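Fold and geometry: a report
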Amino acid sequence: MDFSTNLKNLRIQFGYTQAQLAQMLDIKQQSYSRYEKGTGEPNIATLCKLADIFDVSVDALIGRIHY
């Protein structure tokens, strides 16, 4: 799976809304939405925060390995 699919699946699995995650990441909800749509990508710091939130590696989050 790719990053956007993994991100959406993890968000749903953990029971977060896009708005909640955006607030946790200190970004706009529209920016977060772009990550899930595949039309935007987070910077490295945000990618690391997402991995921490979901307790997965960055490699797993971006689809290099399965979580």
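Throughout what follows, the structure given in this document is the object of discussion. (Residues numbered from 1 in each chain as written. Predicted model: local features only at pLDDT ≥ 70, side-chain atom pairs only at ≥ 80, totals over all residues. Heavy atoms only, no water.)

Within the protein, the regular secondary structure consists of five helices and zero strands. The C-alpha atoms of the protein give 10 Å as radius of gyration, which agrees with the globular expectation for 67 residues (11 Å, within 12%). Taking the principal axes of its C-alpha atoms as reference, the protein extends roughly 30 × 25 × 20 Å. Of all 67 residues assigned to the protein, the portion counted as buried reaches 37%. A separation threshold of at least 6 residues defines the contact pool for the protein, and within that pool the share at least 24 residues apart is 54%. With 7 positive and 7 negative side-chain charges, the protein shows a separation of 9 Å between the mean positions of the two kinds. (Helix = DSSP H or I, 4+ residues; strand = E, 2+ residues; numbered from the N terminus. Rg over C-alpha atoms; globule rule 2.2 N^0.38 Å. Buried < 20%, exposed > 50% of the residue type's maximum accessible area, 1.4 Å probe, protein only. Contact = heavy atoms within 4.5 Å. Lys, Arg positive; Asp, Glu negative; His and termini not counted. Charge placed at Lys NZ, Arg CZ, Asp CG, Glu CD.)

Before going further, it helps to examine the nonpolar core. In this structure, Phe3, Leu7, Tyr32, Leu50, Phe54, Val56 and Leu61 are the most contacted members of the largest nonpolar core, which totals 16 residues. Broken down by secondary-structure element, the contributors of at least two residues to this core are helix 1 (3–14), helix 2 (18–25), helix 3 (29–37), helix 4 (44–54) and helix 5 (58–62). It is helix 4 that provides the largest number of residues to this core, a total of five residues. Beyond its immediate chain neighbours, meaning those up to four positions away, Phe3 contacts Tyr35, Pro42, Leu47, Leu50, Leu61 and Ile62. (Core = buried A, V, L, I, M, F, W, Y, C linked by side-chain atoms within 4.5 Å.)

Further remarks concern the packing of aromatic side chains. Taken as a whole and assessed by the stated rule, the structure comprises four aromatic pairs. Taken together, the aromatic side chains of Phe14, Tyr16 and Phe54 make up a single cluster linked through ring pairs. (Phe/Tyr/Trp six-rings, centres within 6.5 Å; stacked < 30°, edge-to-face > 60°.)

With that out of the way, let us pick up the side chain of Thr46. Within the fold, Thr46 resides in helix 4. Take Thr46: its relative accessible area is 7%, and that puts it in the buried class. Not counting residues up to four positions away in its chain, the partners in contact with Thr46 are Leu25 and Tyr35.

Interpretation note: all reported values are geometric properties and have no functional meaning in isolation.
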